[in-house]
There are 4 protein chains.
Amino acid sequence: MNKVNIGLIGAGRIGKMHAEHLAFRVPEANLVAVADVFPEAAQQCAAKCRVPAAFSDYRRILDDPDVDAVVICSSTDTHAQIIEEAAAAGKHIFCEKPIDFDLARIDRALAAVERAGVKLQIGFNRRFDPSFKRARDLVAAGKVGEPHIVRITSRDPGPPPISYIKVSGGIFLDMTIHDFDMARYLIGDEVAEIFAVGAVLVDPEIGKAGDIDTAVITLRYQGGAIGTIDNSRKAVYGYDQRVEVFGSEGAVVVSNNKRDSAVLSDAQGVHGALPLFFFVERYTEAYIAEMQAFVECIQQDKAPPVTGMDGRVPVVMGYAAKKSYEENRPVKLSEID
Amino acid sequence: MNKVNIGLIGAGRIGKMHAEHLAFRVPEANLVAVADVFPEAAQQCAAKCRVPAAFSDYRRILDDPDVDAVVICSSTDTHAQIIEEAAAAGKHIFCEKPIDFDLARIDRALAAVERAGVKLQIGFNRRFDPSFKRARDLVAAGKVGEPHIVRITSRDPGPPPISYIKVSGGIFLDMTIHDFDMARYLIGDEVAEIFAVGAVLVDPEIGKAGDIDTAVITLRYQGGAIGTIDNSRKAVYGYDQRVEVFGSEGAVVVSNNKRDSAVLSDAQGVHGALPLFFFVERYTEAYIAEMQAFVECIQQDKAPPVTGMDGRVPVVMGYAAKKSYEENRPVKLSEID
Amino acid sequence: MNKVNIGLIGAGRIGKMHAEHLAFRVPEANLVAVADVFPEAAQQCAAKCRVPAAFSDYRRILDDPDVDAVVICSSTDTHAQIIEEAAAAGKHIFCEKPIDFDLARIDRALAAVERAGVKLQIGFNRRFDPSFKRARDLVAAGKVGEPHIVRITSRDPGPPPISYIKVSGGIFLDMTIHDFDMARYLIGDEVAEIFAVGAVLVDPEIGKAGDIDTAVITLRYQGGAIGTIDNSRKAVYGYDQRVEVFGSEGAVVVSNNKRDSAVLSDAQGVHGALPLFFFVERYTEAYIAEMQAFVECIQQDKAPPVTGMDGRVPVVMGYAAKKSYEENRPVKLSEID
Amino acid sequence: MNKVNIGLIGAGRIGKMHAEHLAFRVPEANLVAVADVFPEAAQQCAAKCRVPAAFSDYRRILDDPDVDAVVICSSTDTHAQIIEEAAAAGKHIFCEKPIDFDLARIDRALAAVERAGVKLQIGFNRRFDPSFKRARDLVAAGKVGEPHIVRITSRDPGPPPISYIKVSGGIFLDMTIHDFDMARYLIGDEVAEIFAVGAVLVDPEIGKAGDIDTAVITLRYQGGAIGTIDNSRKAVYGYDQRVEVFGSEGAVVVSNNKRDSAVLSDAQGVHGALPLFFFVERYTEAYIAEMQAFVECIQQDKAPPVTGMDGRVPVVMGYAAKKSYEENRPVKLSEID
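Bear in mind the structure is a predicted one, so any value in this text is a computation, not a measurement.

Draft legend 1. Representation of the sheet that holds strand β3 (residues 53–55) of chain B within the structure. Residue and element names in this part refer to chain B. Read from one edge of the open sheet, six strands run β3-β2-β1-β4-β5-β6, paired in parallel fashion. Either end of the sheet is taken by a strand with one partner, and the two such strands are β3 and β6 (120–122). The average undirected angle you get between the axes of adjacent strands in this sheet is 25°. Here three bridges tie strand β5 (residues 92–95) to β6, and the two strands are oriented parallel to one another.

What follows is the structure in structure tokens.
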């Protein structure tokens, strides 16, 4: 098949990153247009990535019959709407997470995709990290036997601005949502019940904004395994992203990627480098790989590796966690859905 | 001060280990007598450790005015009674955990110790492990700042016999009790509320015996930190004993001690040694150190490093965890006590 | 300053890699032309990297007044000649190592560069590896005190074809040359004497071709430190690239970068991933960084980070090692030069 | 067989350590007497280890028909003489390294042992370290294929007093001698030729005493493999004891044992514990294991695991290294012997 012509919608931080990858590091992709409500953002991004067209209205991309697919990186509240329009226009769709905070809108968007018969891939990039993928593959290959315990540590190097916190949907829907996806991905089982404990320990302003910054979440899987996730908005040593699956025949552990491997031993101790700073550094490979996978599933007419349902379930989990935290009791996912 | 004359009560597995340490590896201790309800066990232990006296009745030890202290390693149901008698006899006391499963009996024993003015140290050996101690010291020195999250992984290489499981008091009082102590020790704060999830994933016989073999426990500390413990009765790769304290200024992580440091790289991968097999191998140094500390607190008339109250609180926590598991809700420690 | 217009000469394996980096990953570079004696190689490379011009004669690049600099990746025997011509044409020059196997020709090329006042950077890419750079920086900052011992392990995953071995100049000039550069780079001192031991242990065909495949080389630095390098043409576990600098105040050790961080513990042991396969995988970042540094030294009119003399000295060291191996005695660099 | 009755000769630092192990940690040994030219040293050691007899004249031990074996820890210049006398008295012998600095005296001692038909084990304790033993076993089991390169790093935390340096026989016979043994042990092959480079970098006083403090030694094995040893009298971070065997099918690497496994991550980096301080800490297990092996070879009438010839060869290697260093050329072992 020919290269896949792609239009990018939303040239903010994550959009610019995807644009560069599509332009320079995904050989089978052909980035043909960039749209952003801020015309300058679209133009700058297009110029940097040598893309011929820049628009302020994303509909210009949807109207272009030469465009095969869109990559949606606009603000969360626009995702569902653009998905519906893109599906109607017959475009394949990559959409950043979350699809939406409203389950009814998510369902409408997924139904539109279904009707149109286009592909939809959700941006859970961590699945494409070589280490997490290797862990999942080892689990899938039975190397740890039956999974018993899943442990996920996920801590950011620092909190986002309070202004962002206020519109983020809360830690469970903004940050833990990635870990909810990871929890499902690692062992290929669904979660039945969630118990969440949270606290404001990093910054009281986060509490004033109605959110928490530290959380420990227990998951009960349908198949009997138990999971535990711990989150913090601030790890001074950098982005802390570790997982572990323990089972009847062994355990697989993924540790952090470090900035370099030089280790200094002196009279005081042995000193090594910090983890890679944040998601852009840690997940570069993963971001490229998810785009390659998206392009490949279009070219080869395969199912996307992260489906619309994979985008929906973590939102349900986020609401369950929130309800659990608020009511201080375990909450079944069936209570939300 | 002179060497401390010690009588050992209970020459089972753990008793024999303590006897060897007291005889050969704690220079300031003078092991003068061994008692066990099975006379042969007492005699064999005494012979091996070159101890002059072996009795079937521990009261022979309590009656000996030359004995300064006793080390109680008999079955759990005898601990409280022997503590009371030893205290009445004016002996300092080292007692294996748990003191008892009955809080009222614990309280009576602690009151007897209080009245007699003798020292009582409880056998939470892990506190004396150099790595856990180092972690605690780093936390106490403020190196991780305010503690936010405590993570404890504690998995045995294999379950005990079902006959033992039946009288063990259940996983929370038998196995997690060590982790409850560790949770308090690491950050020096008390736990206010516990939520426990459990499952029978290792061996259905354990379920039939009324117990579980896999658990994840969430702790809410009084000071605001959150803890999480995961337990399994069977890790095929050996004894898995790791802790982590994450705080506002950093994190300290303790990993497993391996059997050797030889690492083989071949065409398939990089292969290292398993963790030390079980508690005897992993905690040898710690067991010796706790005896040294006990002898030292007698010689120097200091407070024991693990008090009677340190022995009582984890039992309360065990009951809270059990109740939480049974009722599937978070349980406050104040509900138990 | 404007972007730097670059022409690439030699579109073989390493040339194609540099072309991709210049085209897509060094924003300040403008790759304007590719030349290769095989016209198709030039055209394919140009097409892939969206470069407007492809030539079979590199002189077309030298004649173009809009070209600021050339990157020479052609066969070793052409390097010196092209350097002289490029210098005469006023182009800045990046040249792959080695400059040449003939010291007189190297000197002529360096003199031409000197006369023309252009910049010349040699392709010792490992200097730009974040871990080795970090080690060098720690040494330069005095963190290990006075350097006493330098250890370099450098082993390839597999030998090149025998046809290549025959024209390679021998292991010391083809493979160890990188380690000779590293030895100088790490502690910023020159080597005075070399003793080399070698053997044919990997493949007897290499011996028949007049070369060896395994070597241990001892270096005596002018400042008193001692170095040791070990080389093998075949490490079945992958590319093994480690260094260590030991000094009066400590040591810094660089270990291998692994393919992923997933570690499996099972009943047999603890199993991790192999090192990254070979130089393309291990040194991607370093290759990009050396090009960025080259472009930057042109834009900012700075000295190149790897000079012509840095390209010459390791060739002298290679000859000293060869002579030492052949005569089984330590050889002073002054005997060669 | 009965327990082995042992007399210890020489109650200095290493003698006291062996005495404690024999008394308390080697169940099949029966330490019956201690001799030292300083009567108080003998008495103190005997008292501490609850040994009934203490002598100033070791012949009292040799004359005792109940003594099965002697452990010789006296000063090096007395080893050969005592071996001869002990052999004549029919005692099995454990002797600290080196047997002597004089090859003729070594040969006389070995001949006396041969004639008497007693067992002689030399104190190369590192062979009994679990990690080095595991490396050797992996090599012997063919896990690394044919050995190609052996790397040994051996650095002390600090130099001995200058007074000791002066009578030590020089670094190669005092310190490297352990590494020469390790070089033979790891791959079970003999060394044919040695090249040694040395320097005085730690302390000029060591140079004034006629010795060096830093060395890199290259070994050519009879079977074709190449070895490299690096030594320093002072590693500020502690006792640095690492080995590596690289071969056709893989490599095995032994790293240092650390004081604890706690690792602190803070904003500056990741900080772990130093290696165990020195030989007493690092090799405790190995010292006990070598005594157990000695007792076992007597009880079971087996060949000792470290023979008299194993004690002789490293002395030859030490002289070859010394000659190589002095003449700055590779020296064949056949030149010495």
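Back to the text.
Draft legend 2. Main features of the domain arrangement of chain A. All names here are of chain A. Domain annotation of chain A identifies domain 1 (4–118) and domain 2 (128–283 + 314–336). Centre-to-centre separation of domain 1 and domain 2, based on C-alpha positions: 28 Å. With 10 residues of domain 1 at the contact, the number on the domain 2 side is 13 residues. The three residues of domain 1 that bury the most area against domain 2 are Lys97, Phe101 and Leu103, which together make up 63% of that side's buried surface. Put simply, domain 1 and domain 2 have zero salt bridges between them. Here domain 1 and domain 2 share two residue pairs in polar contact (both at pLDDT 80 or more) between them. Residue assignment for the side of domain 1 that touches domain 2 shows that the elements contributing at least two residues are α1 (13–25) and α5 (103–116). Tallying contributions element by element places α1 first for the side of domain 1 that touches domain 2, with three residues. The residue makeup of the side of domain 1 that touches domain 2, split by class, is six nonpolar, no polar and four charged.

Draft legend 3. Region of the structure containing the interface of chain B and chain A. Taken together, the contact pairs 41 residues of chain B with 41 residues of chain A. Summed over both sides, the interface of chain B with chain A buries roughly 3100 Å², with 61% coming from carbon and sulfur. On inspection of chain B and its partner chain A, the count reaches six salt bridges. Linking B:Glu244 and A:Arg242 is a salt bridge whose minimum nitrogen-to-oxygen distance equals 2.7 Å. At the surface where chain B touches chain A, the tally comes to 18 residue pairs in polar contact (both at pLDDT 80 or more). For the side of chain B that touches chain A, the secondary structure elements donating two or more residues are β7 (147–155), β8 (191–199), β9 (214–221), β10 (226–232), β11 (240–247) and β12 (250–254) of chain B. A total of six residues in the side of chain B that touches chain A trace back to one element, the largest contributor, which is β7(B).

Draft legend 4. Region of interest: the pairing of β5(B). Of the two faces of β5(B), both are covered, the one formed by B:His92 and B:Phe94 as well as the one formed by B:Ile93 and B:Cys95. Tracing the backbone out of strand β4 (residues 69–72) of chain B, into helix α4 (residues 76–88) of chain B and back to the parallel element β5(B) gives a crossover that is right-handed.

Draft legend 5. Looking closely at the side chain of D:Thr228. If you trace the backbone, D:Thr228 turns up in strand β10 (residues 226–232). Accessibility expressed as a relative area gives 1% for D:Thr228, which makes it buried. Within the structure, D:Thr228 has its side chain in polar contact with the side chain of C:Thr228 (distance 3.3 Å). Those residues in contact with D:Thr228 that lie beyond four places of it in its chain are C:Arg151, C:Val216, C:Thr228, D:Val150, D:Arg151, D:Ile152, D:Val216 and D:Ile217.

Draft legend 6. View of the interface of chain A and chain D. Opposite the 13 residues of chain A that make contact, chain D presents 13 residues. Contact between chain A and chain D buries roughly 930 Å² in total, counting both sides, with carbon and sulfur atoms accounting for 62%. Contact with chain D buries surface across chain A, with A:Ala267, A:Val270 and A:Leu274 losing the most and accounting together for 42% of the total. The interface formed by chain A and chain D includes zero salt bridges. In this assembly, chain A and chain D are joined by three residue pairs in polar contact (both at pLDDT 80 or more). Among the elements that make up the side of chain A that touches chain D, the one with the highest residue count is strand β14 (residues 270–272) of chain A (three residues). Per-class residue counts for the side of chain A that touches chain D are six nonpolar, five polar and two charged.

Draft legend 7. Main features of the relation of the copies chain B and chain A. By a simple turn and slide, chain B fits onto chain A: the slide is 0.0 Å along the axis, the RMSD is 0.0 Å, and the turn is 180°. The superposition of one copy onto the other is thereby described by a two-fold rotation axis. Distance from the rotation axis, computed per C-alpha, reaches its smallest value in chain B at B:Arg329: 2.8 Å. Interface residue correspondence from chain B to chain A reaches 100%, placing this contact among same-surface, isologous pairings.

Draft legend 8. How the structure looks around the packing of helix α6 (residues 130–140) of chain C against helix α9 (residues 176–187) of chain C. Residue and element names in this part refer to chain C. At a closest axis distance of 7 Å, the pairing of α6 and α9 adopts a crossing angle of 40°. Judged by the angle between their axes, α6 and α9 are oblique. Contact residues: Phe132, Lys133, Ala135, Arg136 and Val139 in α6; Met182, Tyr185, Leu186 and Ile187 in α9. Taken together, the residues of the contact of α6 with α9 break down into seven nonpolar, no polar and two charged.

Draft legend 9. Highlighting the packing of α1(A) against helix α12 (residues 284–299) of chain A. Residue and element names in this part refer to chain A. Between α1 and α12, whose axes approach to 10 Å, the crossing angle comes to 65°. As far as their axial angle goes, α12 and α1 are roughly perpendicular. Like other packed secondary-structure pairs, α1 and α12 cross with a definite hand, here right-handed. The segment α1 lies against α12, with Ile14, Met17, His18, His21, Leu22 and Arg25 engaging Thr284, Tyr287, Ile288, Glu290, Met291 and Gln292.

Draft legend 10. Geometry of the packing of aromatic side chains. Taken as a whole, this structure holds 36 aromatic pairs over all chains when the rule is applied. A centroid spacing of 6.3 Å and a plane angle of 40° characterise the contact between C:Phe132 and C:Tyr283, whose relative ring orientation is tilted. With C:Phe132 in helix α6 and C:Tyr283 in the loop between α11 (279–282) and α12 (284–299), this pair connects stretches of sequence that are 151 residues apart. Between D:Phe172 and D:Tyr325, the ring centres sit 6.3 Å apart and the planes meet at 55°, which makes this aromatic pair tilted. Taken as a pair, D:Phe172 in helix α8 (residues 171–174) and D:Tyr325 in helix α13 (residues 308–327) lie far apart in primary sequence, 153 residues in all. By relative accessible area, which is 5% here, D:Phe172 ends up buried. Among the aromatic residues, those joined into a ring-pair cluster are A:Phe132, A:Tyr239, A:Phe277, A:Phe278, A:Phe279 and A:Tyr283. Lying over the aromatic face of B:Phe246, A:Arg155 brings its terminal NZ or CZ to 4.3 Å of the ring centre.

Draft legend 11. Here's a closer look at the pattern of salt bridges. One pass over the structure, following the stated rule, counts 124 salt bridges over all chains. Between B:Glu193 and B:Arg220 there is a salt bridge, with its nearest N and O atoms 3.2 Å apart. In this pair, B:Glu193 is assigned in strand β8 and B:Arg220 in strand β9, connecting sequence segments 27 residues apart. Between C:Arg126 and C:Asp179 there is a salt bridge, with its nearest N and O atoms 3.1 Å apart. Of the two residues, C:Arg126 sits in the loop between β6 (120–122) and α6 while C:Asp179 sits in helix α9, which places them 53 residues apart along the sequence. Comparing C:Arg126 with C:Asp179 shows no difference in burial state: the two are buried. Taken together, the shared-partner salt bridges in this structure form one network comprising A:Arg151, A:Glu244, B:Arg155, B:Asp230, B:Asp240 and B:Arg242.

Draft legend 12. Region of the structure containing the pairing of strand β4 (residues 69–72) of chain A. All names here are of chain A. By the alternation rule, side chains of β4 split into Ala69 and Val71 and Val70 and Ile72, which are all buried. Where strand β1 (residues 4–9) meets β4, four bridges bridge the pair, whose relative direction is parallel. Note on β4: the bridge partner recorded for Gly7 is Val70. Taken together, the four bridges between β4 and strand β5 (residues 92–95) define a ladder with parallel strand orientation. Residue pairing for β5: Ile72 is matched across the bridge by Cys95.

Draft legend 13. Quick peek at the sheet that holds β4(A). All names here are of chain A. Read across the open sheet, the six strands follow the order β3-β2-β1-β4-β5-β6; overall the sheet is parallel. Edge strands, defined here as strands with exactly one partner in the open sheet, are β3 (53–55) and β6 (120–122). Strand after strand, the sheet turns through a mean of 25° between neighbouring axes, direction not considered. Along the sheet, helix α4 (residues 76–88) contacts β1, β4, β5 and β6; its crossing angle with β5, the most-contacted strand, is approximately 165°.

Draft legend 14. A look at helix α2 (residues 39–48) of chain D. All names here are of chain D. Considered for burial, the residues of α2 that qualify are Ala42, Cys45 and Ala46. Buried residues of α2 fall within an arc of 100° about the axis and therefore sit on the same side. Exposed side of α2, more than 90 degrees from the buried face: Glu40, Gln44, Ala47 and Lys48 are the residues found there. Looking at the packing, one finds that the buried side of α2 touches β1 (4–9), α1 (13–25), β2 (29–35) and β3 (53–55). Arg50 occupies a position one or two residues after α2 and carries a positive phi of about 55°.

Basis of the calculations
Residues numbered from 1 in each chain as written. Chains lettered and ligands numbered in written order. Predicted model: local features only at pLDDT ≥ 70, side-chain atom pairs only at ≥ 80, totals over all residues. Heavy atoms only, no water. Pairing = 2+ DSSP bridges. Helix = DSSP H or I, 4+ residues; strand = E, 2+ residues; numbered from the N terminus. Axes fitted to C-alpha atoms, helices over the stretch in contact; angles between N-to-C directions. Domains from an automatic or database assignment. Contact = heavy atoms within 4.5 Å. Buried area = accessible area lost by both parts, 1.4 Å probe. Salt bridge = Lys/Arg side-chain N within 4 Å of Asp/Glu carboxyl O. Polar contact = N/O pair within 3.5 Å; in protein donor to acceptor, adjacent residues only side chain to side chain. Nonpolar A, V, L, I, M, F, W, Y, C, P; charged D, E, K, R; others polar. Buried < 20%, exposed > 50% of the residue type's maximum accessible area, 1.4 Å probe, protein only. Right-handed = clockwise from strand over helix to strand, strands pointing away. Least-squares fit on C-alpha atoms with pLDDT ≥ 70 in both. Parallel < 35°, antiparallel > 145°, perpendicular 65-115°, else oblique. Left-handed = near helix turned anticlockwise from the far one by under 90°. Phe/Tyr/Trp six-rings, centres within 6.5 Å; stacked < 30°, edge-to-face > 60°. Lys NZ or Arg CZ within 6 Å of the ring centre and 35° of its normal. Arc of directions from axis to C-beta.

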